[in-house]
Amino acid sequence: MSDSRPAGPPPPIPLTVLTGFLGAGKTTLLNRLLRHEALKDSVVIINEFGEIGLDHLLVERVDEDMVLLSAGCLCCTVRGDLIATLEDLLRKRDNGRIAPFRRVVIETTGLADPAPILHAVLYHPYLSMRYAVEGVVTVVDAVNGEATLDAHPEAVRQVAVAERLVLTKTDLVKDADRLERLRQRLRRLNPGAAILPADARVEEIVSGGLFDLGGKIADVAEWLRTEAVEEAERRSHAHQHGHGHDRGHDHGPDHAHRHDVNRHDERIRAFSLVSEEPIRQGTLDMFLDLLRSTQGAKLLRVKGLVALAEDPEHPVVIHGVQHVIHVPAILPRWPSDDRRSRLVLIVDDLEKETVEALWNAFLGKPQIDRPDAAALSDNPLSLRR
Ligand SMILES: Nc1nc2c(ncn2[C@@H]2O[C@H](COP(=O)(O)OP(=O)(O)OP(=O)(O)O)[C@@H](O)[C@H]2O)c(=O)[nH]1
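Residues numbered from 1 in each chain as written. Predicted model: local features only at pLDDT ≥ 70, side-chain atom pairs only at ≥ 80, totals over all residues. Heavy atoms only, no water.

Please explain the pattern of salt bridges as it appears in this structure.
For side chains of opposite charge, pairing can occur when their charged atoms come near one another. Tallied over the full model, the rule gives 20 salt bridges. Between Arg342 and Asp338 there is a salt bridge, and its shortest N-O distance comes to 3.4 Å. What makes Arg342 buried here is its relative accessible area of 3%. Put simply, Glu146, Asp150, Arg181 and Arg185 are held in one network by salt bridges that share partners. (Salt bridge = Lys/Arg side-chain N within 4 Å of Asp/Glu carboxyl O. Buried < 20%, exposed > 50% of the residue type's maximum accessible area, 1.4 Å probe, protein only.)

Right, dumping it as structure tokens:
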């Protein structure tokens, strides 16, 4: 029997989460994004508490839950379950009841933690095949940003999990030092995220991630940004071991903050783990599994590019949020000459040494007074602090 349908699953649909604190400028940015050709056939999902002023955009009702935006995008409001909404969209798309949208943008409410939204997709066996979570874009208001970060841990987490940070309202801040202080704080919270101006090109804001608009692998090195994380680690390390003698150090306006461990964002840090040698699949799985099960709540974000010993030519992309670690893609080739396995972790109140000890133990790197991999797998609680 002949079957003319193309073999294999359809390419995954890129999904972007747009977040940012109340009034930061999410809707303003979204409106600009949706006017761009690249986002024309998008679906926008807005959760029920989102006070988004869509009236001027609406032209036509598609069904009771959806409206067609003038930009050629569909918009729906999540009243209940996000998973059900994402499934329903696929069903309607697959049976031709709605146009074959090319991207989903989820705009969260200002107080939302974006992690559960990423979980909903990454953890779901079917949705994780059909949607490609491209990442989180977090809008930060330059006027209120510092005060918001001080007062609201949700805002700190929104910054920490982002792939890209868009700084709005810089036109209202005349004090360049103040702006630089905010930028430095954002860089400390999430050194791997690009900080973009509010008028950045649309392609930079939505497509600098793991997947391009056609669902293909895009610039993974940019997505990972390990160099930025390593540089931030070096600076922080140099800072702790002598004041101001490293080249990157300055005693700028943020200096005093670095020693104030009571600030919520002092608990959040980013670091990288590197291996020069390819890693066996089983070892990687065990490491990630143990990390996830023992430290999941403290893992805000895990990203990585790993050379597997079984197939070193095709690096594996690791993508995780808290206790969910997902392997979305095996790349057809290395994105650059750097073929080291690299993991970038953004953690809340977790010491690098704890994770590094686990990593080294699994990779068989000898350490003083540390158990080896066998001891760890025999007693998975042995490294918990
Ligand atoms: N001056 C200036 N104003 C901006 C900028 N971006 C947004 N705004 C203004 O900030 C206000 C809030 O913007 P919104 O886009 O509604 O913010 P939001 O994050 O969607 O707000 P909520 O949905 O209530 O959380 C509006 O009055 C915007 O016009 C900017 O870059 N510069």
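What is the right way to look at the site of the ligand in this model?
Within the structure, the ligand sits among 13 residues, and Lys26, Thr27, Thr28, Lys169 and Asp171 are positioned closest to it. Between an oxygen atom of the ligand and a side-chain N or O atom of Lys26, the distance comes to 2.8 Å. Burial of the ligand by the protein chains amounts to 65% of its free accessible area of 650 Å². Per-element tally for the shell around the ligand: the top contributor is helix α1 (residues 26–35), with three residues. Of the residues in the shell around the ligand, the class split is four nonpolar, five polar and four charged. (Near = heavy atom within 4 Å. Polar contact = N/O pair within 3.5 Å; in protein donor to acceptor, adjacent residues only side chain to side chain. Areas by Shrake-Rupley, 256 points an atom, 1.4 Å probe, with all protein chains shown as cover. Helix = DSSP H or I, 4+ residues; strand = E, 2+ residues; numbered from the N terminus. Nonpolar A, V, L, I, M, F, W, Y, C, P; charged D, E, K, R; others polar.)

Looking at this model, I keep getting lost on the packing of aromatic side chains. Mind explaining?
Aromatic ring pairs: the centre-centre distance and the angle between the two ring planes describe each pair. Per the stated rule, a full pass over the model turns up two aromatic pairs. With a centroid separation of 6.2 Å and 70° between ring planes, the pair formed by Phe287 and Phe362 is classed as edge-to-face. Separated by 75 residues along the polypeptide, Phe287 in helix α11 (residues 281–295) and Phe362 in helix α12 (residues 352–363) bring together distant segments of the chain. As far as the burial class goes, Phe287 and Phe362 line up, both buried. A network of ring pairs unites the aromatic residues Phe287, Trp359 and Phe362 as a single cluster. Over the ring of Phe101 we find Arg93, and its NZ or CZ is 5.1 Å from the ring centre. (Phe/Tyr/Trp six-rings, centres within 6.5 Å; stacked < 30°, edge-to-face > 60°. Lys NZ or Arg CZ within 6 Å of the ring centre and 35° of its normal.)

Teacher, can you tell me more about the confidence of the model for the protein here?
The predicted coordinates of low-pLDDT regions are not to be read in fine detail. Scored by pLDDT, the protein comes out at a mean of 76, with 70% of its residues at no less than 70. Predicted confidence in the protein is weakest over strand β3 (residues 58–63), with a mean pLDDT of 53, and strongest over strand β8 (residues 164–168), with 95. Scored below 50 in pLDDT, residues 211–217 makes 20 contacts in the model with residues more than four places away or belonging to other chains. The low-confidence segment residues 243–262 (pLDDT under 50) makes 27 contacts with residues lying over four places distant or belonging to another chain. Scoring the predicted complex yields pTM 0.72 and, for the interface, ipTM 0.97. (pLDDT = per-residue confidence, 0-100. Contact = heavy atoms within 4.5 Å.)

Honestly, helix α2 (residues 82–94) in this entry has me stumped. Any pointers?
Since there are 3.6 residues in each turn of an α-helix, residues three or four apart along the chain are aligned in direction. Taking 1.5 Å per residue as the helical rise, α2 with its 13 residues ought to reach 18 Å, and the 18 Å between its terminal C-alpha atoms agrees with that figure. Burial in α2 covers these residues: Leu82, Thr85, Leu86, Leu89, Leu90 and Lys92. Buried residues of α2 fall within an arc of 165° about the axis and therefore sit on the same side. Note on α2: the residue one or two positions beyond its end, Gly96, has a positive phi of about 80°. (Expected span 1.5 Å × (residues − 1). Arc of directions from axis to C-beta.)

How should the pairing of strand β14 (residues 341–348) be read in this particular structure?
Working note: regular strand, side chains alternate between the two faces of the sheet. Most of β14 sits out of view: eight of its eight residues are buried. Side chains Ser341, Leu343, Leu345 and Val347 of β14 all project onto a buried face; the interleaved residues Arg342, Val344, Ile346 and Asp348 project onto the opposite face, where all are buried too. Bridge count for strand β11 (residues 299–308) against β14 is six bridges, and the pairing is antiparallel. Bridging across to β14, Leu299 finds its partner in Val347. (Pairing = 2+ DSSP bridges.)

Honestly, unusual backbone geometry in this entry has me stumped. Any pointers?
Non-glycine residue Lys169 carries a positive phi angle of around 60°. Topologically, Lys169 is positioned in the loop between β8 and α7 (176–189). For Lys169, a relative accessible area of 28% gives the class partly exposed.

Help me understand the packing of α11 against α12 in this model?
Two packed helices can be described by the angle between their axes and the distance between those axes. Remark: α11 packs on α12, axes separated minimally by 10 Å, with the N-to-C direction vectors making an angle of 155°. Looking at the two axes, α11 sits roughly antiparallel to α12. Crossing geometry of α11 relative to α12 is assigned as right-handed. Two secondary-structure elements touch here, α11 through Thr283, Met286, Phe287, Leu290, Leu291 and Gln295 and α12 through Thr354, Val355, Leu358, Trp359, Phe362 and Leu363. A breakdown of the residues in the contact of α11 with α12 according to their chemical character gives nine nonpolar, three polar and no charged. (Axes fitted to C-alpha atoms, helices over the stretch in contact; angles between N-to-C directions. Parallel < 35°, antiparallel > 145°, perpendicular 65-115°, else oblique. Left-handed = near helix turned anticlockwise from the far one by under 90°.)

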